[in-house]
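Spelled out from the first residue to the last, the chains are:
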Amino acid sequence: MAHTRRSFIAKSFQGAALGIALPSFWPVEAVASAFVQSPTILDLHKVIPNPVIIKSIDFVKTEGELFLITTSVDGTRGITMANFRMPNLLSLLHGLIIPNFIGKDARDIEKLLDEVFLNNSNYKYGGMSFWNCVGHVEISIFDLLGKIANKPVNQLLGKVLRNEVPVYLSSLTRETSPQEEVENLAKRMEITGVKAVKFKVGGRMSNPPEMHKRSLELIPLIRKVLGDDVTLYADANGSYTVKEGIEIGKRLQDQHVAIFEEPCFFERYEDNKAVADALSLKVAGGEQDTSLPRFEWIIKNKGLDVLQPDLYYNGGFIRCLKVAQLAARHGLEVAPHSPKTDPLAAPMLHFTSVIPNLVGFQEVNGYKDPGSSYYNPPFDYFGGNLKVPVGPGLGVEYDEGIWNDIQIL
């Protein structure tokens, strides 16, 4: 059954079956087998005729949040909010990453990504820690380039296919009882108007008896209480063996769950493939992965049905576009990992707006009072959709006053 389903998915991306043409920057030959020093996929020199020389890259704290700011010699700033993993990675950022970009032309970002990986044997540091640092720099550079070109980032990346994306509410806890979990999700759905949710199964990289019992109770209960019209996703965070993953997966199938995320430890690629092959629902993963050759193995071997590269963890727009491009060629879908509802969501939104093989709903968690923010847009998903920011660069405007009192880290 899984093979029949996968054959159908693959055919749906061939020709014009979707009614959507692949963007012009996705030629068939664009992805090199090694994924290292592969052909460029964007012509930024054509969009921005004059050099954009990087003067400085700073990591700062203000308003209780972290930011990475890239400034060009003309004073234009590219800004991205930073994720919570960065404070532990600052020695990598300052020692190995930033020096490779200072004084360089930001339009050569694809070349610079190759160089930062290879220079000084930086590849020996390869992994999420390294690429998360690079991702912040790359994303801030695209914000800079967009501002200079007076274009939103998605217009630099390719043909814009959508201006908003539907979202699902993600539960990040396993500490609730099944009854509490369903009540919490139902309340959040009522407040926000969102019609899709993701819940946790297993124990996160383990499956102790009490967590297994919780999962067995939660799976049928969540469908019974929320109803047949709600789209359900489940996330195991690598909790299961192949046998356990298949058993839980079949229970999820019985309740018409649409996507089963990370059934097995993410580095056990063949285990996750075995679970995917045995099930008819879609199996997703990839948020932890930062090796493009490993993404290539997953894609070419149909190790997953849905790829979930993280825009920050995986090194930015270019590397995630390469994953999405190869996935599309092999009939697979993409749902980038990004559970945020603040400026950290902006890269995900620009990325999802240009890829034709986007799957279903995108993840959000929590909700805030839009009036309490010091940035615009408020990333309001009430009603079930997040809109792609439309201003230059990432499209996020900050109150200028927040930069008057910063701590440089």
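Preceding this paragraph is the structure being described.
Procedures and definitions
Residues numbered from 1 in each chain as written. Predicted model: local features only at pLDDT ≥ 70, side-chain atom pairs only at ≥ 80, totals over all residues. Heavy atoms only, no water. Helix = DSSP H or I, 4+ residues; strand = E, 2+ residues; numbered from the N terminus. 1 Å grid on protein atoms, 1.4 Å probe; cavity = no way out; pocket = protein on both sides within 12 Å on 5 of 7 lines; lining within 4 Å. Points joined across faces, edges and corners; volume = space filled by probe spheres on them. Nonpolar A, V, L, I, M, F, W, Y, C, P; charged D, E, K, R; others polar. Axes fitted to C-alpha atoms, helices over the stretch in contact; angles between N-to-C directions. Parallel < 35°, antiparallel > 145°, perpendicular 65-115°, else oblique. Left-handed = near helix turned anticlockwise from the far one by under 90°. Contact = heavy atoms within 4.5 Å. Salt bridge = Lys/Arg side-chain N within 4 Å of Asp/Glu carboxyl O. Buried < 20%, exposed > 50% of the residue type's maximum accessible area, 1.4 Å probe, protein only. Pairing = 2+ DSSP bridges. Arc of directions from axis to C-beta. Right-handed = clockwise from strand over helix to strand, strands pointing away. Expected span 1.5 Å × (residues − 1).

Asker: What should I look at first to understand unusual backbone geometry in this one?
Answerer: Most peptide bonds adopt trans geometry, and most residues besides glycine take a negative phi value. The step from asparagine 376 to proline 377 runs through a cis peptide bond, and the omega angle for that step is 0°. Residue placement: proline 377 occurs in the loop between strand S12 (375-376) and strand S13 (385-387). Non-glycine residue methionine 205 carries a positive phi angle of around 60°. Relative to the helices and strands, methionine 205 resides in the loop between strand S5 (196-200) and helix H8 (209-226).

Asker: Looking at this structure, I do not really get empty space enclosed by the protein. What am I missing?
Answerer: Across all of its chains, the model carries 3 cavities of 30 Å³ or more by this definition. Size it by volume and the largest cavity reaches roughly 120 Å³. If you go around the largest cavity, you meet 16 residues; those closest to its centre are Tyr168, Tyr233, Gln308, Ala335 and Phe361. Contributing elements (two or more residues each) for the lining of the largest cavity: strand S7 (259-261) and strand S11 (362-364). When the residues that make up the lining of the largest cavity are grouped by side-chain class, the tally is 9 nonpolar, 4 polar and 3 charged.

Asker: I'm lost on the packing of H8 against helix H9 (residues 242-254) in this one. Help?
Answerer: Two measures define how a pair of helices packs: the angle their axes make with one another and the distance between the axes. Following both chains from N to C, one finds H8 and H9 inclined at 20°, their axes separated by 10 Å at the closest point. Considering their axes alone, H8 and H9 lie roughly parallel with respect to each other. Regarding H8 and H9, the two cross each other, and that crossing is left-handed. Contacts between H8 and H9 involve His212, Leu216 and Ile219 on the former and, on the latter, Ile248, Arg251 and Leu252. Classifying every residue of the contact of H8 with H9 by side-chain character gives 4 nonpolar, 1 polar and 1 charged.

Asker: Please clarify how the pattern of salt bridges should be interpreted in this entry.
Answerer: Going through the model one piece at a time under the given rule, you end up with 15 salt bridges. Put simply, arginine 214 and glutamate 181 hold a salt bridge, and the shortest N to O gap is 3.9 Å. Pair noted here: arginine 214 is in helix H8 and glutamate 181 is in helix H7 (residues 178-192), with a separation of 33 residues, a long-range link. Each of the two residues, arginine 214 as well as glutamate 181, counts as buried. For glutamate 261, the salt bridge goes to lysine 198, with nearest N and O atoms at 2.8 Å. Of this pair, glutamate 261 sits in strand S7 while lysine 198 sits in strand S5, and the two are 63 residues apart along the sequence. Accessibility assignment for this pair places glutamate 261 and lysine 198 in one class, buried. Each of Lys198, Lys200, Asp235, Glu261 and Glu363 takes part in salt bridges that share partners, so that together they form one network.

Asker: Got a minute to help me understand the sheet that holds strand S2 (residues 65-72) in this structure?
Answerer: Strand pairing in a sheet relies on backbone hydrogen bonds, with the paired strands running either antiparallel or parallel. Taken in spatial order, the 4 strands of this open sheet run S3-S2-S1-S15, and their pairing is antiparallel. Of all strands in the sheet, those bounded by a partner on one side alone are strand S3 (77-81) and strand S15 (407-408). Pairing between strand S1 (residues 54-62) and S2: 8 bridges, direction antiparallel. Its bridge partner lying in S2, valine 60 is registered against phenylalanine 67. On the sheet, helix H5 (residues 128-149) packs against S1, S2 and S3 and is oriented at approximately 135° with respect to S3.

Asker: Explain helix H10 (residues 269-278) here, please?
Answerer: In an α-helix, one turn spans 3.6 residues, which is why side chains three or four residues apart end up on the same side. Within H10, burial applies to Tyr269, Asn272, Val275 and Ala276. All buried residues of H10 fall inside an arc of 125° around its axis, so they share one side.

Asker: What is the right way to read the side chain of aspartate 235 from this model?
Answerer: Position of aspartate 235 among the secondary structure elements: in strand S6 (residues 231-235). Those residues in contact with aspartate 235 that lie beyond four places of it in its chain are Arg174, Lys198, Phe199, Lys200, Val201, Glu261 and Glu262.

Asker: So what exactly am I meant to see when it comes to the pairing of strand S8 (residues 282-285) here?
Answerer: Consecutive side chains along a regular strand alternate between the two faces of the sheet. Two strands pair when backbone bridges link them, and S7 and S8 are joined in this way by 3 bridges, in the parallel orientation. In the sheet register, phenylalanine 260 faces S8, and the bridge partner there is valine 283. Chirality of the crossover, the property in question, places the unit of S7, H10 and S8 among those that are right-handed. Since S8 and strand S9 (residues 306-307) lie parallel, the crossover through helix H11 (residues 292-300) that links them has a hand, and here it is right-handed.

Asker: In this structure, what is going on with the side chain of aspartate 143? I would like to understand it.
Answerer: Mapped onto the fold, aspartate 143 is located in helix H5. Once you skip the residues sitting within four places of it in the chain, aspartate 143 turns out to touch Arg77, Gly78, Ile79, Val153, Pro392, Gly393, Leu394 and Gly395.

Asker: Even after reading the chapter, I still don't get H7, so can you show me in this structure?
Answerer: With 15 residues, H7 ought to run about 21 Å at 1.5 Å a step, and its terminal C-alpha atoms sit 21 Å apart, in line with that. Along H7, the residues that are buried comprise Pro178, Glu181, Val182, Leu185, Arg188, Met189 and Thr192. One side of H7 carries all its buried residues, which in axial view fall inside an arc of 130°. Exposed residues lying more than 90 degrees from the buried face of H7 are Glu183, Lys187 and Glu190. In this fold, the buried residues of H7 make contact with strand S4 (164-170), S5, H8 and S11. Among the residues trailing H7, glycine 193 stands out with phi positive, at a value near 80°.

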